[in-house]
2 protein chains.
Amino acid sequence: MTVPKVTPIAKPPRAARKETLAEPASVAGELMMGELAQLLGYALKRAQLRVFEDFLQCVAPVQLTPAQFSVLLLLDNNPGRNQTEIAATLGILRPNFVAMLDALESRGLCQRTRSSNDRRSHILMLTDHGRATLMRAKKLVATRHEARLSELLGEDNRVALLAMLAKIAREF
Amino acid sequence: MTVPKVTPIAKPPRAARKETLAEPASVAGELMMGELAQLLGYALKRAQLRVFEDFLQCVAPVQLTPAQFSVLLLLDNNPGRNQTEIAATLGILRPNFVAMLDALESRGLCQRTRSSNDRRSHILMLTDHGRATLMRAKKLVATRHEARLSELLGEDNRVALLAMLAKIAREF
DNA sequence: TATTGTTATACTCTATAACTATA
DNA sequence: TATAGTTATAGAGTATAACAATA
C-alpha cells in the first residue's frame with residue numbers, strides 16, 4: 001500500500017535577516033535543537049506524548065486510558081475472543097494483560113467466561129455497561145480529540161499522517 | 001506555521017469482492033481493528049515504538065539510546081549550559097536527568113564542571129570522546145535509520161510527516 | 001508435550017517531595 | 001527566600017520465568 005502523495009509548500013523561512021552581529025549558537029534563552037529538529041523519532045515521541053495527554057483529558061469523563069480504550073474497542077469488534085488473542089493483537093504481553101483485565105472487569109466493563117470448548121481459555125465480552133461506556137468514550141474521542149486534530153492539520157493531512165504512521169508500523 | 005499540503009491519492013481499496021457468503025466479523029484468524037485503525041494516537045504509538053526499536057538497532061555499535069543520543073546532540077549544540085537547561089529542553093525532569101548524566105559521564109562522553117559564576121550549577125560539555133561518539137552515531141542514524149525511513153515514505157512525505165508531528169507537539 | 005491464564009519479579013520511565021549547598 | 005543538583009521513593013509500563021489447569 002502506498003501513501004497519499006504530498007506536495008510540500010511551506011519551506012522553512014529563509015534565514016531571517018541577521019540584525020546586527022552574527023548571533024552565536026543561541027540567544028542565551030532558547031537552546032539550539034540542532035539535528036534533533038530533523039529526527040523523526042524525536043518528533044514522533046513528542047507528538048505521541050502530547051496526543052496521549054490530550055486523549056486522557058478528553059476521555060476523562062469516562063476514566064479510560066488510551067490502552068483501556070483500545071481493549072474495549074477490540075472486545076466490541078471481536079466478541080468471544082480469549083485473552084491471548086486480544087492481548088497479542090494490541091502488542092500487550094499476556095502476563096501484563098491480566099491486571100489490565102482485572103481493572104476493567106472490576107469496574108463492570110467486561111467479563112471473563114471460561115470457554116466450554118477449551119476450558120483453559122477465557123472468553124472475553126463487553127458488558128452492557130462496558131458497551132455504553134465505550135460508546136460515550138468514542139463520542140468524546142471523535143468530537144473533542146480527533147476533531148481538534150483534524151482542525152489543526154486539515155482533514156486531508158490528518159488522513160495522510162495516519163497512513164504514513166500505519167505504514168511505518170507495518171513496513172519499516 | 002502551516003504544514004505542506006497533502007493530496008490524497010490512494011483511497012482504501014473498495015471492499016474486495018465478497019467471495020461466497022457474507023463473512024462475519026472476522027475470519028477466525030485476523031481480528032477486527034475497528035475504529036482503532038482510524039485512531040491517530042494508536043498509530044502514533046505503534047510507529048514510535050517501531051522507530052525507536054530500529055534506532056536502537058542502527059545505533060547499537062555506539063550503544064546509545066534515543067534519549068542519550070538527544071542529550072549528546074543538545075550538549076554539542078549548546079556547550080556550557082547547565083543540567084536544568086538541557087533537561088528542561090528535552091522534557092526530562094531534573095531528578096531523572098541525574099542518573100542519565102551519571103551514565104554518560106562514567107562512559108567518558110561528557111563532563112560536569114562547577115560554574116564559577118554560580119557555584120550551584122554544573123556546566124555540561126562533551127568530551128572529545130563524546131564528540132567522536134556523537135559523530136559516529138549521527139552517521140549511523142543518517143545512513144542506516146533516517147535513510148531507510150526516507151526510502152520507505154519518499155523524501156517529500158518524510159518531510160511532511162516531520163512537519164506535522166512537530167506541529168502537533170507544538171500547537172495541539 | 002504444549003497452551004491458557006496466572007503469579008512473581010525485575011527493569012525502565014516517569015513523577016513528587018525533600019535535602020544540601022549555594023545564591 | 002529561592003534555585004541547582006541531588007536523593008529517595010513511588011507508580012506506570014514492559015519483560016521473562018515458571019506454575020496450575022487443561023488440551
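Residues numbered from 1 in each chain as written. Chains lettered and ligands numbered in written order. Predicted model: local features only at pLDDT ≥ 70, side-chain atom pairs only at ≥ 80, totals over all residues. Heavy atoms only, no water.

Under an unreviewed UniProt entry, the name given to chain A is Transcriptional regulator, MarR family, and the organism recorded is Rhodopseudomonas pseudopalustris.

1. So, the interface of chain A and chain B
Each partner contributes residues to the interface: chain A has 70 residues there, and chain B has 70 residues. Carbon and sulfur atoms make up 70% of the area that chain A and chain B hide from each other, which totals about 6,700 Å². Across the salt bridge formed by Glu35(B) and Lys138(A), the nearest N and O atoms sit 2.5 Å from each other. Linking chain A with chain B are 14 residue pairs in polar contact (both at pLDDT 80 or more), by the criterion used here. Of all the secondary structure elements, the ones that give two or more residues to the side of chain A that touches chain B are β1 (5–7), α1 (40–58), α2 (66–77), α3 (83–90), α5 (128–153) and α6 (155–171) of chain A. The element that contributes the greatest number of residues to the side of chain A that touches chain B is α1(A), accounting for 14 residues. When the residues that make up the side of chain A that touches chain B are grouped by side-chain class, the tally is 39 nonpolar, 15 polar and 16 charged. (Contact = heavy atoms within 4.5 Å. Buried area = accessible area lost by both parts, 1.4 Å probe. Salt bridge = Lys/Arg side-chain N within 4 Å of Asp/Glu carboxyl O. Polar contact = N/O pair within 3.5 Å; in protein donor to acceptor, adjacent residues only side chain to side chain. Helix = DSSP H or I, 4+ residues; strand = E, 2+ residues; numbered from the N terminus. Nonpolar A, V, L, I, M, F, W, Y, C, P; charged D, E, K, R; others polar.)

2. Here we look at the protein's contact with DNA strand C
Residues in contact with DNA strand C amount to 17 residues; listed here are only the nearest, Thr84(A), Arg112(A), Arg120(A), Asn96(B) and Arg119(B). Among the atoms of DNA strand C close to the protein, meaning within 4 Å, 54% are from sugar or phosphate groups. Between DNA strand C and the protein, one listed contact pairs a phosphate oxygen with a side-chain N or O atom of Gln83(A) at 2.9 Å. Within the backbone of His122(A), a nitrogen or oxygen atom sits 3.0 Å from a phosphate oxygen of DNA strand C. Put simply, the parts of the chain that give the surface near DNA strand C at least two residues each are α3 and α4 (94–106) of chain A together with α4 (94–106) of chain B. (Near = heavy atom within 4 Å.)

3. What to know about the relation of the copies chain A and chain B
Superposing the two chain copies requires a rotation about an axis and a translation along that axis. Placing chain A over chain B gives an RMSD of 0.0 Å and needs a rotation angle of 180°, together with 0.0 Å of translation along the axis. Each copy turns onto its partner about a two-fold axis. When the interface residues of chain A are mapped onto chain B, 100% of them are again interface residues, pointing to one common binding face. (Least-squares fit on C-alpha atoms with pLDDT ≥ 70 in both.)

4. With respect to the UniProt feature "domain: HTH marR-type" (unreviewed entry) in chain A
Look at the UniProt record and you will see "domain: HTH marR-type" (unreviewed entry) annotated at residues 33–170 of chain A. From the first C-alpha to the last, residues 33–170 of chain A spans 29 Å; its make-up is 68% helix and 7% strand. (UniProt positions renumbered as here; feature names shortened; annotations may be inferred.)

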